[in-house]
Amino acid sequence: MKRIITNFAAVCCLVAAGPLVAGQGVESGSVRFAQVAALEGPAGALGTGVRQGILAAFAEANSAGGVHGRQIELDSMDDGYEPDRSATLVREVIAGDGHLGLIGAVGTPTALATQPLATEANIPYIGPFTGAGFLRDSALKNVLNVRATYGNETEAWIAHLVDEMGMDNIAILYQDDGFGRVGLSGVEAALEKRGMTLSAKGTYTRNTLAVKSALLELRKAKPDAVVMVGAYKPIAEFIRLSKKMKFEPTFVNISFVGSRALADDLGEDGQGVIISQVVPFPWDTTVPVVAEYQAALESSEPGAEPGFVSLEGYLIGRVAIAALEAAGPSLDRTKYLAALSGLGNFDMGGLTFSYGPDDNQGLDTVFLTTMDGQGGFATVGGAMKAGG
């Protein structure tokens, strides 16, 4: 059901293989998708988590006979969270014509490099793990998003910190690229609505842990909170160093950080860190789709621990499957794109997705969680606790 491809040479072999792949990834008994995402490096847990969830959804469908008699397969390729590498891999996928669509990409800078390629080739681009606004452009008829935007998340941060907690000194740490700047813009907009500005800004370079200079700069402002737009490795490094220096404002992170990876990396230093989330609480089995996710994950990968990233991957997989079902048995890319565009409003086990002619984003909800320093999570306010 799955193949992992982690380097350019392997992709070239796949493209050159000819009989090993069918046109557009469709055969009488199978259909194939490609994932180009970070599987290794500082953002690797994000790509592997999304992949884990997609595979759980695909395995669930395959165990029930597939979709219209076809087993669903996934090829995952590591782009290292580097835009140039991601673009090269996506070009190879497009040239090979062996996949129905791209699914589960990870990151804003990589999406900036690959979405235009997919759109030009008119190949589906499903469930990118990013809240970047440019992917919500209604003109992008091949793009289908699952999650809320970073703008939704940053507004939720400021509403909590300022409106609810009464804080008036907010600083930011962000990754110095398109992803980080999207988050920065969202925070600035949310503060501007309230007649406020950031007290300090700090940056770090993507795929590095070089955060100390930013820490020293931000500490000067003595902020009540530091909001953070980055991947889990550098964010964990920043929080650890901060605590060693007795600099302990409220730390608030964007969903892209990867909650489980950050909790595992920080250990006890993670206590009280806030993370915004864009999918349901992965341990709340009163939501039917969460119970289905947990069962599918255990069946696909016994002993795997539920988490926000793999739940998002599962939802991405389920949305892709819903479009396969709608496309009918005589499948090709044109019919699949039409099915994606026509999903409309539907319920997935207690979770309502809403798509329309000018709306390619299925979910809008954002909520806040805190880490307990022991690997567990709770919703802000303590309504739900689990995950340790």
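Residues numbered from 1 in each chain as written. Predicted model: local features only at pLDDT ≥ 70, side-chain atom pairs only at ≥ 80, totals over all residues. Heavy atoms only, no water.

(A) Representation of the pattern of salt bridges in the model. With the rule as written, the count across this model stands at 21 salt bridges. A salt bridge links Arg 206 to Asp 177; its shortest N-O distance comes to 3.0 Å. Of this pair, Arg 206 sits in the loop between β8 (200-204) and α7 (212-220) while Asp 177 sits in the loop between β7 (170-175) and α6 (178-192), and the two are 29 residues apart along the sequence. The buried category is assigned to Asp 177, whose relative accessible area is 4%. Its salt-bridge partner being Arg 260, residue Glu 305 comes within 3.1 Å of it at the nearest N-O pair. Of this pair, Glu 305 sits in the loop between α10 (288-300) and α11 (308-327) while Arg 260 sits in helix α9 (residues 259-266), and the two are 45 residues apart along the sequence. (Salt bridge = Lys/Arg side-chain N within 4 Å of Asp/Glu carboxyl O. Helix = DSSP H or I, 4+ residues; strand = E, 2+ residues; numbered from the N terminus. Buried < 20%, exposed > 50% of the residue type's maximum accessible area, 1.4 Å probe, protein only.)

(B) Just the environment of Phe 33, in detail. Looking at the secondary structure, you find Phe 33 in strand β2 (residues 30-37). In sequence terms Phe 33 and Ile 103 are 70 residues apart; their C-alpha atoms lie 6.7 Å from each other. In contact with Phe 33, not counting residues within four places along its chain, are Phe 58, Ile 72, Glu 73, Leu 74, Asp 75, His 99, Leu 100, Gly 101, Ile 103, Ile 126, Leu 324 and Tyr 336. (Contact = heavy atoms within 4.5 Å.)

(C) Structural context of the side chain of Gln 35. Counting through the fold element by element, Gln 35 comes out in strand β2. In contact with Gln 35, other than residues within four places in its own chain, are Gly 47, Val 50, Arg 51, Leu 74, Asp 75, Ser 76, Met 77, Ile 103 and Gly 104.

(D) Here's a closer look at α11. In this model, α11 (20 residues) spans 29 Å end to end at C-alpha, consistent with the 28 Å of a helix rising 1.5 Å per residue. Extensive coverage of α11 is indicated by the burial of 18 of its 20 residues. (Expected span 1.5 Å × (residues − 1).)

(E) Layout of the packing of aromatic side chains. For the structure on display, the rule yields 15 aromatic pairs. Arranged with centres 6.3 Å apart and planes meeting at 90 degrees, the rings of Phe 238 and Phe 251 form a pair that is edge-to-face. Taken as a pair, Phe 238 in helix α8 (residues 232-244) and Phe 251 in strand β10 (residues 250-253) lie far apart in primary sequence, 13 residues in all. Of the two residues examined, Phe 238 and Phe 251, each falls in the buried class. (Phe/Tyr/Trp six-rings, centres within 6.5 Å; stacked < 30°, edge-to-face > 60°.)

(F) Broad picture of the layout of surface pockets. There is about 240 Å³ of room inside the largest pocket. Of all elements in the fold, only α2 (44-63), α9 and α11 reach the threshold of two or more residues within the lining of the largest pocket. At 5 residues, the largest contribution of residues to the lining of the largest pocket is made by α2. Three or more residues apiece are contributed to the lining of the largest pocket by two domains, here domain 1 (29-148 + 283-357) and domain 2 (150-277 + 368-385). (1 Å grid on protein atoms, 1.4 Å probe; cavity = no way out; pocket = protein on both sides within 12 Å on 5 of 7 lines; lining within 4 Å. Points joined across faces, edges and corners; volume = space filled by probe spheres on them. Domains from an automatic or database assignment.)

Scope: geometric values only; no functional claims are made or implied.
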